[in-house]
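Residue-level structural notes
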Amino acid sequence: MSSGDNQSAAASSGAGPSGPGGRGAGTAHAGQPASRRSPVQLAVGGVILLIFLGFPVVITDPTTNSIAFFALVFMVASAAWNMFSGYTGYLALGHAVFFGSGGYALALLCAHLNVGGGWPSFALLPLCGIVAALIAIPIGLIALRTRRHTFVVVTIAIFFIFQLVAYNVGFTGGTSGLFLPLPPFAGNNNKPFYYVALVILLLTVAVSWLVRRSRFGLQLLSIRDDEDRALGLGVKTRRLKLSAFVLSAFFVGMIGGLYFDFIGQVFPNTAYDPLFDLSIALMAFFGGLGTLAGPLLGALVLESLQQYLTLSFSSNGTYLIAYGVLFLLVILIMPRGVVPAVTDLVKRRRLKAMVAHPEAEQQLAGVAG
Amino acid sequence: MSGTAFLEAVIDGILTGGVYALMAAGLTLIFGVMDIINIAQGIMVILGAYLSLWLSVDLGIGLLPGLLITVPLMFCLGVAIEFCFMRRLRDQDRAQMSILVTYAVAIVIEGILTAIVGDNYQQLSASYVNSSVHMFGFYLPDIYLIGFGLAIALLAGLYYMLYRTKFGRAVRASLQNRTAADLIGIDVNRVRTVSVGIGVAVTAVGGMLFGATNSFNPGTGYDLISRLLAIVILGGIGSIAGAMGAAVFILVINDVVAAWWSPTWAPIVYFAALVAVLSFRPQGLFGRVAVRAQ
C-alpha cells in the first residue's frame, strides 16, 4: 500500500533483513511485537532488570553507585532523544535545552514552593518534564520548519540562545547558578536517586517501545525514510514530528530535574552543555540509532566509561582521547552501531545453521557460503 | 549611541568578518563537496592557533612566516581525516554520521591539546598584534587590517581556484552531481580528498588570526563552531561568496549590538537573527536550494 505499510510489514515480522542500501537499515531490528519475543528473550530481560534492581544492594560503594546513577540518567536521555531523532531521522543537537530547563525548573519550584530535598523534590519531577515539554512546543514549531543540516544548526542555535539567556537573566542566578535543597538521606546514600532514575528509565523504555510498535511510530519511521512521500500519502508529518519532539523533551526534562537534584546546583554551563547535546547522540549512534536497545547500551557503556576515565585520569584530557578513539573505532567497524551489527551477525549465524543442517540443502549452503 | 561609535562597530565587524569568512569558507567547501558538516572545524582553528603559538614561542618563527609550515601541516591533517574516516561513510547516512565522526575527531584533538597545554587561556603575540594605525579618524589595530587583507587575499585565491581552474570545475561538478562527475571521468575521490585538505588548511591561517585577536583554550572550539555553522548555513551551503556575506552580516550585528546595548546580549541577537532568517528562508540568505534532493 504505502511505504509506511511496507515498513510495518518488515518491522512487525521482525525477520526482514534490511535490504542492501536501505535507508531504514535499523528498521527491521527493533520493535518486534511481544508475540514474537521468545521466552529466552523475556528471561534475559528479566535477568537484566534484576541486575539493575540489585546493583546498589550488592555493590554499596557510593562512588560506583554514583557512576551507575549517571549511566541511568544518560540511558534515559539517550533513549528519549532516540524517540525523536532516531525514529524521525531529524538530528536534534539541542536537547540540553530540555535537560537544563528541567534542572532549573526543579530548582525554582523547590525554592518557591518551599519543597525540601529528597522524596518531596522527586514528586516534582513530572512537573519538570511538563516544563520541558512546554518549552519544546515553540522550539519545535520553529525548528521543524527546516530539514537536515539546517535543522541541526537551528537546534544548536536555539541551544546557545538558552545558554546565553541563562547566563544573563535574573531568575536563573546568572553565573552563580541556583542551589537545590539538600537531600535528607544519610551521607553518600545515592540509592534513592538511583531507584528513581531506574523508574524513569523503565517508563521511558516502555513509552519508547509503545511508540515504536504503534501506528504513530510507523508514521515517524516513514518520515525518516522519505518525508515527502509520507506527506504525499497522507501522513500528517508536521503534527507527528512535533508530538515526538515534545514527548522526547518531556523525558529529558524529567531526568534533567533528577540529575541536577543529585548534583545539588545548576549553572548555565552545566545545564546547557554542548557536550551533553552531542553525548546523547553519540550514545544512540554507538548502540544503534532508531533501535530500542541501542541507545540504552550505548549510554550504559559510554557514560560508565567516561565517568571511570574521568575519575582515573582526572581532567588532563586522556578520557577525551579514549572516548573519541573508541567511538571512531566503533564507527569504522560497525558503521550502523553495535546492536544492529550484532543482530545481523546472530541472524546470519542462525540462517547458516538452518541452511546447513538438512542434508538436502547442503548445496544451497555452498551457494550462500 | 553616537555616529562614530556605530561606524567603528561596523568597521570592526567588517574586519573580523573577513577572518570568520575565511574559516567558514573552509567549512562550506567541505560541506558543499562532501555533504559533510565538519564539527571539528572549530577545534582545528584552535589547533592552528596552538601550532602558531608553539612555532613562535618555542622555535622563534614569526606568526606570518610560520604559516608556511602550519598550512601544509593542516592540509595533511585534513587529507588524513578524509582518507581514514569520511571516505568510509556510505552516501545514505553521510549527513548524520559525518557530524558524529567529525565530533569524535574534535574530541580527540581537544583531548590531546588539553593533555599538552591544559585549560589556560593563551594569546598570540607579535609586534603587529598590539600596534594600531590611525585611519579615517579611527585607531585600527594592525592585526585586524593584516587579518582582513590576508583573509580577502586567500578568499580571492579560493574563488579563483573554484571558478577559473580545471580543478575548480571538477570540484563544482562533484558538488552538483557525484555520479555524473564520475561518469565524465573526474576522480571524485581525489577531488574530495583535496577539497577537505584545502578546507582544513585554511584553519591554519584562521587559527593564527583568531589566536592573535582573541584569547583561546582547547574549549574555545565549541563557541567557534557554532558561529561558523551559523555563517555557513546563513550564507547558503557551498557558497564562498555567501559565507563572506553572512560572516560580515553576523559580525556587524554582533559588534553593533555589543557597542549599542551590551556585549553579553550580542550573541543572542545574532543567533535569534539566524533562527528567524532560517525559519523563512531555509536555504539561507544567499543560497539557492534549501536541501539537496533526498
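Residues numbered from 1 in each chain as written. Chains lettered and ligands numbered in written order. Predicted model: local features only at pLDDT ≥ 70, side-chain atom pairs only at ≥ 80, totals over all residues. Heavy atoms only, no water.

Another aspect to go through is the overall build of chain A. Along its length, chain A carries 16 helices and two strands. Per-residue burial for chain A yields a buried fraction of 53% across its 369 residues. Restricting to contacts in chain A with at least 6 residues of sequence separation, those with at least 24 account for 78%. For chain A, the accessible surface area stands at approximately 15700 Å², while carbon and sulfur atoms represent 67% of it. (Helix = DSSP H or I, 4+ residues; strand = E, 2+ residues; numbered from the N terminus. Buried < 20%, exposed > 50% of the residue type's maximum accessible area, 1.4 Å probe, protein only. Contact = heavy atoms within 4.5 Å. Areas by Shrake-Rupley, 256 points an atom, 1.4 Å probe, with all protein chains shown as cover.)

Let us now look at the overall build of chain B. When you go through chain B residue by residue, the secondary structure sums to twelve helices and two strands. Along its sequence from the N terminus, chain B presents helices and strands in the succession α-α-α-α-α-β-β-α-α-α-α-α-α-α. Considering only C-alpha atoms, chain B reaches an extent of 55 × 50 × 35 Å along its principal axes. Within chain B, the proportion of its 294 residues that are buried is 56%. Long-range contacts, defined here as pairs at least 24 residues apart, represent 76% of the contacts in chain B between residues at least 6 apart. Put simply, chain B shows about 11800 Å² of open surface, and 64% of that area lies on carbon and sulfur atoms. Across chain B, the 15 positively charged side chains and the 14 negatively charged ones have centroids separated by 17 Å. (Lys, Arg positive; Asp, Glu negative; His and termini not counted. Charge placed at Lys NZ, Arg CZ, Asp CG, Glu CD.)

This part covers the state of the cysteines. Using the criterion set out here, one finds zero disulfides over all chains in the structure. With no disulfide of its own, Cys 84 of chain B lies 12 Å from the sulfur of Cys 76 of chain B, the closest cysteine sulfur. (Disulfide = S-S within 2.5 Å.)

Listed per partner, the contact involves 46 residues of chain B and 46 residues of chain A. Our count for the chain B to chain A interface comes out at zero salt bridges. Applying the counting criterion to the chain B and chain A interface returns zero residue pairs in polar contact (both at pLDDT 80 or more). At the level of elements, helix 4 (94-117), helix 10 (220-235) and helix 12 (266-280) of chain B are the ones that each hand at least two residues to the side of chain B that touches chain A. No other element matches helix 4 of chain B, which puts 16 residues into the side of chain B that touches chain A. (Salt bridge = Lys/Arg side-chain N within 4 Å of Asp/Glu carboxyl O. Polar contact = N/O pair within 3.5 Å; in protein donor to acceptor, adjacent residues only side chain to side chain.)

The next point concerns the nonpolar core. If you look at the biggest cluster of nonpolar residues, it comprises 206 residues, and the most contacted ones within it are Trp 81, Phe 98, Leu 125 and Leu 258 of chain A together with Tyr 20 of chain B. Sorting elements by how many residues they give to this core places helix 3 (residues 62-88) of chain A first, with 15 residues. Those residues in contact with Trp 81 of chain A, other than ones at most four positions away along the chain, are Gly 86, Leu 91, Ala 92, His 95, Ser 248, Ile 280, Ala 281, Ala 284, Phe 285 and Leu 289 of chain A. Within the second largest apolar cluster, five residues are counted, among which are Ala 9, Val 248, Val 252 and Val 256 of chain B. (Core = buried A, V, L, I, M, F, W, Y, C linked by side-chain atoms within 4.5 Å.)

We now examine the environment of Tyr 167 of chain A. Residue and element names in this part refer to chain A. Its place among the elements puts Tyr 167 in helix 7 (residues 148-168). A relative accessible area of 30% means that Tyr 167 is categorised as partly exposed. Put simply, Tyr 167 and Asn 269 are 102 residues apart on the chain and 8.4 Å apart in space, counted from C-alpha to C-alpha. If near-sequence neighbours (up to four positions away) are discounted, Tyr 167 is found in contact with Gly 174, Thr 175, Pro 268 and Asn 269.

Further remarks concern the pattern of salt bridges. Residue and element names in this part refer to chain A. For the structure on display, the rule yields three salt bridges over all chains. Ionic pairing is found between Asp 225 and Arg 224, a salt bridge with its closest N-O pair at 3.6 Å. Assessed through its relative accessible area of 13%, Asp 225 is described here as buried.

Residue and element names in this part refer to chain A. Following both chains from N to C, one finds helix 6 (residues 125-143) and helix 10 (residues 237-263) inclined at 145°, their axes separated by 7 Å at the closest point. Handedness of the helix 6/helix 10 crossing: right-handed. Taken together, the residues of helix 10 that come into contact with helix 6 (itself represented by Leu 125, Pro 126, Cys 128, Gly 129, Ile 130, Ala 132, Ala 133, Ala 136, Ile 137, Ile 139, Gly 140 and Leu 141) are Arg 238, Leu 242, Phe 245, Val 246, Ala 249, Phe 250, Gly 253, Met 254, Gly 257 and Leu 258. Residue classes in the contact of helix 6 with helix 10 are distributed as 17 nonpolar, four polar and one charged. (Axes fitted to C-alpha atoms, helices over the stretch in contact; angles between N-to-C directions. Left-handed = near helix turned anticlockwise from the far one by under 90°. Nonpolar A, V, L, I, M, F, W, Y, C, P; charged D, E, K, R; others polar.)

The next subject is the packing of aromatic side chains. Residues and elements named next belong to chain A. Inspection of the entire model under this criterion finds 27 aromatic pairs over all chains. Judged by centre distance (6.0 Å) and plane angle (75°), the ring pair of Phe 69 and Phe 193 falls under edge-to-face. Residue Phe 69 is found in helix 3, and its partner Phe 193 is found in helix 8 (residues 191-213); the two are separated by 124 residues along the sequence. Phe 193 carries the same exposure label as Phe 69, and that label is buried. Taken together through their ring pairs, the aromatic side chains of Phe 69, Phe 70, Phe 74, Phe 99, Trp 119, Phe 122, Phe 193, Tyr 259, Phe 260, Phe 262 and Phe 276 make up a single cluster. (Phe/Tyr/Trp six-rings, centres within 6.5 Å; stacked < 30°, edge-to-face > 60°.)

Turning our eyes to something else, we now look at the packing of helix 1 (residues 3-34) of chain B against helix 9 (residues 188-213) of chain B. Residues and elements named next belong to chain B. Contact geometry of helix 1 with helix 9 gives a least axis separation of 8 Å together with a crossing angle of 165°. One element, helix 1, and the other, helix 9, form an angle in the roughly antiparallel class. The crossing of helix 1 and helix 9 is left-handed. Each of Val 19, Tyr 20, Leu 22, Met 23, Gly 26, Leu 29, Ile 30, Val 33 and Met 34 in helix 1 lies in contact with helix 9, whose residues at this interface are Arg 192, Ser 195, Val 196, Ile 198, Gly 199, Val 200, Val 202, Val 205, Gly 206, Leu 209 and Phe 210. Residues that form the contact of helix 1 with helix 9 fall into these classes: 15 nonpolar, four polar and one charged. (Parallel < 35°, antiparallel > 145°, perpendicular 65-115°, else oblique.)

To continue, consider helix 9 of chain B. Compared with an ideal rise of 1.5 Å per residue, which puts 26 residues at 38 Å, helix 9 of chain B spans 38 Å between its outermost C-alpha atoms and is within 8% of the ideal. Taken as a whole, helix 9 of chain B carries its principal kink of about 25° at Gly 206 of chain B. (Expected span 1.5 Å × (residues − 1). Bend = angle between axes of the 7 residues up to and from the residue.)

Bringing helix 7 (residues 166-176) of chain B into the picture now. Residues and elements named next belong to chain B. Burial in helix 7 covers these residues: Gly 168, Ala 170, Val 171 and Ser 174. When helix 7 is viewed along its axis, its buried side chains cluster within an angular range of 160° and face the same direction. Exposed positions of helix 7 whose direction lies more than 90 degrees from the buried face are Lys 166, Arg 169 and Gln 176. Check the buried side of helix 7 and you find it contacts helix 1, helix 6 (142-164), helix 8 (178-183) and helix 9. (Arc of directions from axis to C-beta.)

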